[in-house]
Amino acid sequence: MPQRLTAGLLAVLLAAAFPAVAPATETNDAETLNRARAAAKDLGERLKGELVAAIKSGGPVTALQVCNTVAGDLAIQTSKQHGLTVGRTALRVRNPKNAPDAYERKVLEEFLEKASSGADLAKLEHIEVVSENGEKTFRYMKAIPMAAEPCLACHGTELKPEVKAEISRLYPEDQATGFKPDELRGAFTISGKLD
């Protein structure tokens, strides 16, 4: 009969295997961790695929329209598929619906601090069990580094006038421009109730 890992042993194993990962606390569910990582990867790949296709068919303005209408649905589909709550957040959001909660803000600020100390953003993730409304909830965040392609066209420092106009039209409160490659763009945020 297989034994479940104790929280302490899992934390030690995670710290050894993934030094950029904050150790999980009060969890012995490696399966949930793997599901969270898979969900983040899945959402990232789906969203990138949609945006790259939109850029190829109509340029960055078309990609902005697709992001505006499709990104939320992709997060919902990915959530259902993985049985977790899946989304994206950032310190500087384009869509106010993606604004970070207090927990997410704290983790994003930790990612910034680690990146300023030389950590590789592509490897930064945070795993923790928190108590929310009296229930244990698994929280996972994976940093999203700013990529040159296709991201700079809509999030970079030098935007085409038509891109700026479309951002203003779709997202009047936009804060998500002025990024350079390899800066922290945001994070995938995943959560789920633990039994």
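Refer to the structure above for everything that follows.
This text gives an overview of the structure that appears in the document. (Residues numbered from 1 in each chain as written. Predicted model: local features only at pLDDT ≥ 70, side-chain atom pairs only at ≥ 80, totals over all residues. Heavy atoms only, no water.)

Before going further, it helps to examine the overall build of the chain. For the chain, the helix and strand inventory stands at 6 helices and 5 strands. When the helices and strands of the chain are read in sequence order from the N terminus, they spell out α-β-α-α-β-α-β-β-α-α-β. Within the chain, the fraction of its 195 residues that count as buried is 42%. Long-range contacts, defined here as pairs at least 24 residues apart, represent 65% of the contacts in the chain between residues at least 6 apart. Total accessible area on the chain is roughly 10700 Å²; 54% of this is exposed by carbon and sulfur atoms. (Helix = DSSP H or I, 4+ residues; strand = E, 2+ residues; numbered from the N terminus. Buried < 20%, exposed > 50% of the residue type's maximum accessible area, 1.4 Å probe, protein only. Contact = heavy atoms within 4.5 Å. Areas by Shrake-Rupley, 256 points an atom, 1.4 Å probe, with all protein chains shown as cover.)

For helix α6 (residues 161-170), every residue scored as buried is listed here: Val163, Glu166, Ile167 and Leu170. Within α6, the buried residues cover an arc of 100° as seen down the axis, which keeps them to one side. Away from the buried face of α6 by more than 90 degrees, exposed residues Pro161 and Arg169 are located. Where α6 is buried, its residues touch α3 (60-82) and α5 (152-155). (Arc of directions from axis to C-beta.)

In this section: the packing of helix α2 (residues 30-58) against α3. Two elements in contact, α2 and α3, have axes whose closest approach is 9 Å; the angle formed by their N-to-C orientations is 155°. Overall, the two elements α2 and α3 adopt an arrangement that is roughly antiparallel. Handedness of the α2/α3 crossing: right-handed. Here the residues of the contact of α2 with α3 sort into 15 nonpolar, 7 polar and 4 charged. (Axes fitted to C-alpha atoms, helices over the stretch in contact; angles between N-to-C directions. Parallel < 35°, antiparallel > 145°, perpendicular 65-115°, else oblique. Left-handed = near helix turned anticlockwise from the far one by under 90°. Nonpolar A, V, L, I, M, F, W, Y, C, P; charged D, E, K, R; others polar.)

Formed by 23 residues in total, the largest nonpolar core has its most connected members in Ala36, Leu43, Leu84, Val86, Phe138, Tyr140 and Ile190. Among the secondary structure elements, those contributing two or more residues to this core are α2, α3, β3 (125-132), β4 (135-145) and β5 (184-193). With residues near it in sequence (within four places) discarded, Tyr140 still touches Leu33, Ala36, Arg37, Ala40, Glu125, His126, Ile127, Phe188, Thr189 and Ile190. Ranked by size, the runner-up nonpolar core spans 11 residues in total, among them Val107, Leu108, Phe111 and Leu124. (Core = buried A, V, L, I, M, F, W, Y, C linked by side-chain atoms within 4.5 Å.)

A cis amide bond links Glu149 with the next residue in sequence, Pro150, at an omega value of 0°. Relative to the helices and strands, Pro150 resides in the loop between β4 and α5. If you check the backbone angles, Asp182 has positive phi at about 75° while not being a glycine. By the element assignment, Asp182 lies in the loop between α6 and β5. The class for Asp182 is exposed, based on a relative accessible area of 63%.

Inspection of the secondary structure assignment puts Glu173 in the loop between α6 and β5. What makes Glu173 exposed here is its relative accessible area of 60%. For Glu173 and Pro96, which are 77 residues apart along the polypeptide, the C-alpha to C-alpha distance reads 7.6 Å. Residues in contact with Glu173, not counting those within four places in the same chain, are Val93 and Pro96.

Time to look at the pairing of β5. Across a regular strand the side chains alternate sides, sitting on one face of the sheet and then on the other. Counting buried residues along β5, 9 of its 10 residues qualify, which places the element largely inside the surrounding structure. Judged from the 5 bridges that link them, strand β2 (residues 85-89) and β5 form a sheet pairing that is antiparallel. The residue of β5 that forms the bridge with Thr85 is Ser191. As paired strands, β4 and β5 are joined by 9 bridges and run antiparallel to one another. When the sheet's bridge partners are listed, Tyr140 is paired in β5 with Ile190. (Pairing = 2+ DSSP bridges.)

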